[in-house]
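Structural characterization, general
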Amino acid sequence: MSMLNDRLNALEDYPFTRLRTLLTDIPAPEGRAAIDFSIGDPKHAPPALLTEAMAAAADSWNRYPPIAGTYDWRQAVSDWLVWRFGEGGRLIDPDVALLPASGTREALFMLASACVGSMPGGNEPAVLLPNPFYGVYVGAAQMTSAEPVFLTANRQTGFLPDLDALPASLLDRTALFYLCSPANPQGAAADVAYLQKALSLARRHGFVLAVDECYSEIYHRAPPTGVLEVAARFDGARLDNLIVFNSLSKRSSAAGLRSGFVAGDPTVIAAFRRLRGYASAGMPMPIQAASAALWRDEAHVTENRELYRAKIDTAERIMGDSLGFYRPDAGFFLWLEVGDGERAAERLWREQAIRVLPGAYIGRPAPEDGNNPGQPFMRLALVHDIAVVADALTRLMGTFSAMAGD
Ligand SMILES: Cc1ncc(COP(=O)(O)O)c(C=O)c1O
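Described below are features of the structure shown in this document. (Residues numbered from 1 in each chain as written. Predicted model: local features only at pLDDT ≥ 70, side-chain atom pairs only at ≥ 80, totals over all residues.)

Taking strand neighbours across the sheet as the criterion, the seven strands line up as S2-S8-S7-S6-S5-S3-S4 in an open arrangement whose pairing is mixed. The open sheet has two free edges, formed respectively by strand S2 (98-101) and strand S4 (147-152), since each of these has just one partner strand. Shown here is a sheet whose adjacent strand axes are inclined to one another by a mean of 20 degrees, direction ignored. Against the sheet, helix H4 (residues 71-85) touches S2 and strand S8 (260-264), its axis set at about 110 degrees to S2. Across the sheet, helix H6 (residues 104-115) lies against S2, strand S3 (126-131), strand S5 (174-180), strand S6 (208-212), strand S7 (242-247) and S8, angled at about 160 degrees from S7, the strand it touches most. (Pairing = 2+ DSSP bridges. Helix = DSSP H or I, 4+ residues; strand = E, 2+ residues; numbered from the N terminus. Axes fitted to C-alpha atoms, helices over the stretch in contact; angles between N-to-C directions. Contact = placed C-beta atoms within 7 Å.)

Let's shift gears to H4. The end-to-end C-alpha distance of H4 is 21 Å, a good match for the 21 Å that 15 residues give at a rise of 1.5 Å each. Where H4 is buried, its residues meet helix H5 (87-90), S2, helix H10 (227-233), S8 and helix H13 (285-295). With its phi angle positive at about 55 degrees, Gly86 sits one or two positions after the end of H4. (Expected span 1.5 Å × (residues − 1).)

The buried count for S5 comes to seven of seven residues, which makes it a mostly enclosed element. In the sheet, S3 pairs with S5 via three bridges, with the strands oriented parallel. Within S5, the position partnered with Ala126 by the bridge is Thr174. When S5 meets S6, the two strands line up parallel, connected through five bridges. Along S6, the bridge assignment pairs Leu179 with Val211. Chirality of the crossover, the property in question, places the unit of S5, helix H9 (residues 192-205) and S6 among those that are right-handed. (Buried ≥ 20, exposed ≤ 12 C-beta atoms within 10 Å, placed from the backbone. Right-handed = clockwise from strand over helix to strand, strands pointing away.)

As structure tokens, this is what we get:
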């Protein structure tokens with residue numbers, strides 16, 4: 001018997017730990033500066049108003065922050081939701097349908113504990129998640145009594161899970177469905193019909209639909225539809241069964257601030273708030289002040305988005321349609337099909353000092369055929385400045401041309 005939770009022991013190493021292990025004995029070429037594309041760590045500067053607002057609130061560091069957020073923070077987020085999602089934003093009553101999250105990561109994780117309980121008839125509860133995925137969903141599901149069910153999201157399914165392929169017997173025992181739109185890693189944004197179907201399924205089968213929209217502001221075409229817009233337009237304009245997450249990490253290049261929010265069904269929010277009363281430290285008051293200032297400003301978001309869009313344009317110019325390149329709807333990842341993502345990662349490190357994430361590390365063997373849909377891919381986070389990105393992608397293309405000739 002282990003002293004520690006055996007569910008924790010059963011978790012695979014986090015993807016970046018696996019990457020470190022893969023590359024540990026492989027020397028990078030001498031004289032080449034290493035470029036890390038493996039991790040989505042924003043590198044654009046956040047706007048000065050972040051530090052200004054934080055400094056102006058410095059007299060509140062002594063206080064324990066309210067779990068529900070300050071009035072000012074709730075107002076700022078609520079105004080942003082209305083600005084961005086119109087009627088959908090108006091569905092969110094900031095007093096009962098909104099909570100701050102110290103980074104959406106911890107809130108996404110904790111949500112599973114709030115949602116997974118016993119199922120009628122003694123059925124094993126299920127948590128649905130896209131495959132490939134953002135790793136936190138897997139850890140969150142596996143630390144509960146639920147079975148994580150991996151839903152293939154590949155080119156054939158439009159890089160989102162195929163909702164028509166879900167059997168009623170599975171949906172009936174589903175407690176929670178993590179849907180990432182725009183998706184990490186593939187950059188696909190769900191459209192109105194897709195989101196409407198997902199929400200209908202959640203209501204018909206009584207599970208919580210958690211939509212992770214943290215890339216919603218880094219778009220390269222039209223602004224992606226938010227699930228709140230869809231909720232406002234059909235089935236009685238209500239929030240039942242729906243929870244949505246968003247974050248300042250990508251929108252405002254403020255990952256270090258650890259600031260996001262959870263909004264949606266007041267019943268779920270109330271349960272979540274109860275849980276967070278025990279488990280969450282609350283978002284420090286000066287961080288709430290800085291966050292409110294960032295949600296109130298769009299100029300820096302437009303600039304930030306333009307920087308990413310220019311890099312996607314550059315990638316498109318350099319890559320054409322090589323390695324299955326396609327222009328993502330949103331986000332800052334390239335999801336490139338290279339045959340074997342692990343071998344590609346080793347070779348790029350050995351020959352170019354370029355670090356990429358093998359797609360297999362953010363995927364699992366699919367239940368239907370045992371194949372990991374991430375295995376043929378590698379993920380690149382275009383977080384460096386445009387000159388570095390252009391140089392690295394040109395070198396990368398050189399390596400793959402050479403591989404084709406091997
Ligand atoms: C899909 C997705 N969701 C959520 C997060 C967490 O963001 P944060 O905790 O910084 O708000 C990330 C971060 O990389 C992500 O890629």
